[in-house]
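# Examination of the molecular architecture
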Amino acid sequence: EYELIGETLDDAAGEAFDKSAKLLGLPYPGGALLSQLAELGTPGVYELPRPMLHSGDLSFSFSGLKTAVLTLVREQGDALTDEFRADAARAFQEAIVEVLVKKSLKALKQTGLGQLVVAGGVGANKQLRSTLNNEAKRKRFRVYYPELEFCTDNGAMIALAGCLRLQAGTPAKQAGDFAVQPRWPLMDMSASGAK
């Protein structure tokens, strides 16, 4: 069973990584490459917005952050030096990690829970993991991550969810018994079967 307490209003964090990587001239998918490039960047050279950081809720919005990267790139013109790209990648990653960590800490406080599971492609990000691990020690909560090889493809998570549903007695659907939904809200699902 799921309770939705926050969601993206536009681009997911991984989408923002990939789209910003493309703006910086990296191939698709570029999230992991952007993170590697960010390690070479100097902190504080560029300051990017922290979208919805103080919104009062647990939702996210990363399209404005992507637009801020686009603005930086346009200001550089045709001179996208390696140094610029590394510093811009660093600024982007710092912004997105700060938002994800602060929203996660707020979610833990709001729910009263002491465990956090980080899943999805961005869950492989070194800076995100390091920052969350430091916060977990400081604030005394537990944080769990899948093995890195399972952070690159949502297919593994979808397969596990399907397996758990079958184990719970949810009947398997046959081809043609359901409509494809590119964004199927978790709230529309239950352990006893889809609505």
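### Quick notes on the overall build of the chain
Helix and strand content of the chain: six helices and four strands. Each helix (α) and strand (β) of the chain, taken in turn from the N terminus, gives the series α-α-α-α-β-α-β-α-β-β. Across the 195 residues that make up the chain, the buried fraction comes to 36%. Surface accessibility of the chain: about 12,100 Å² in total, with carbon and sulfur atoms responsible for 55%.

### A word on unusual backbone geometry
With an omega of -10°, the peptide bond between Y28 and P29 qualifies as cis. Within the fold, P29 resides in the loop between α1 (13-23) and α2 (31-38). A positive phi angle is found at M52, which is not glycine, with a value near 60°. Mapped onto the secondary structure, M52 falls in the loop between α2 and α3 (63-76). Residue M52 is classed as partly exposed on the basis of its relative accessible area of 22%. You will see that R140, though not glycine, has its phi angle at about 60°, which is positive. Along the chain, R140 turns up in the loop between α5 (126-139) and β2 (142-144).

### Topic: the packing of aromatic side chains
Here the structure, examined in full by the defined rule, presents three aromatic pairs. Between F17 and F92, the ring centres sit 5.0 Å apart and the planes meet at 90°, which makes this aromatic pair edge-to-face. Separated by 75 residues along the polypeptide, F17 in helix α1 and F92 in helix α4 (residues 82-111) bring together distant segments of the chain. For the pair formed by F17 and F92, the shared burial category is buried. Their ring planes at 25° and their centres at 5.8 Å tell us that F60 and F62 sit as a pair that is stacked. Neither F60 nor F62 differs from the other in exposure class; each is buried.

### Here we look at the packing of α1 against α4
Relative to each other, α1 and α4 sit at 175°, their axes nearing to 11 Å. Regarding the angle of α1 to α4, the classification is roughly antiparallel. On α4, the residues that touch A13, A16, F17 and S20 of α1 are F92, Q93, I96 and L100.

### A few points about the pattern of salt bridges
Under the counting rule described, the total for this entry stands at eleven salt bridges. For D11, the salt bridge identified is with K19, shortest N-O distance 3.2 Å. Note on D11: relative accessible area 8%, which makes it buried. By relative accessible area, which is 34% here, K19 ends up partly exposed. The salt bridge partner of R85 is D82, with a shortest N-O separation of 3.1 Å. Within this pair, R85 and its partner D82 are both found in helix α4, separated by three residues, close to a single helical turn. Judged by relative accessible area, which is 15%, R85 ranks as buried.

### Thoughts on the nonpolar core
If you look at the biggest cluster of nonpolar residues, it comprises 40 residues, and the most contacted ones within it are L24, L34, L48, F62, F92, I96 and L128. Those elements giving two or more residues to this core turn out to be α1, α2, α3, α4 and α5. It is α4 that provides the largest number of residues to this core, a total of 14 residues. With residues near it in sequence (within four places) discarded, F62 still touches D10, D11, A12, A13, A16, I96, V99 and L100.

Conventions and cut-offs
Residue numbers restart at each chain and count upward from 1, following the sequence in its written direction. Under the rules for a predicted model, residues below a pLDDT of 70 receive no local features and side-chain atom pairs below 80 are neither given nor counted, while totals for whole chains, interfaces and linings still include all residues. With hydrogens and water excluded, all non-hydrogen atoms of the structure serve as input to the side-chain values. Strands here mean DSSP runs of E at least two residues long; helices mean DSSP runs of H or I at least four residues long; both are numbered from the N terminus. Buried, partly exposed and exposed residues are distinguished by accessible area as a fraction of the type maximum, computed with a 1.4 Å probe on protein chains only: under 20%, between the cut-offs, and over 50%, respectively. Accessibility throughout is a Shrake-Rupley quantity obtained with a 1.4 Å probe, and a residue counts as covered only by protein chains that appear here. Within 6.5 Å between ring centres, the rings of Phe, Tyr and Trp (the latter by its six-membered ring) count as paired, and their orientation is classed by plane angle as stacked under 30 degrees, edge-to-face over 60, tilted in between. Between N-to-C directions, angles cover 0 to 180 degrees, with each direction set by a line fitted to C-alpha atoms, over the stretch in contact for helices. An angle below 35 degrees is treated as roughly parallel, one above 145 as roughly antiparallel, one from 65 to 115 as roughly perpendicular, and anything else as oblique. Contacts are assigned to residue pairs that have any heavy atoms within 4.5 Å of one another. When a carboxyl oxygen of Asp or Glu lies within 4 Å of a side-chain nitrogen of Lys or Arg, that pair is called a salt bridge. To qualify as a nonpolar core, a set must consist of buried Ala, Val, Leu, Ile, Met, Phe, Trp, Tyr and Cys residues joined through side-chain atoms within 4.5 Å.

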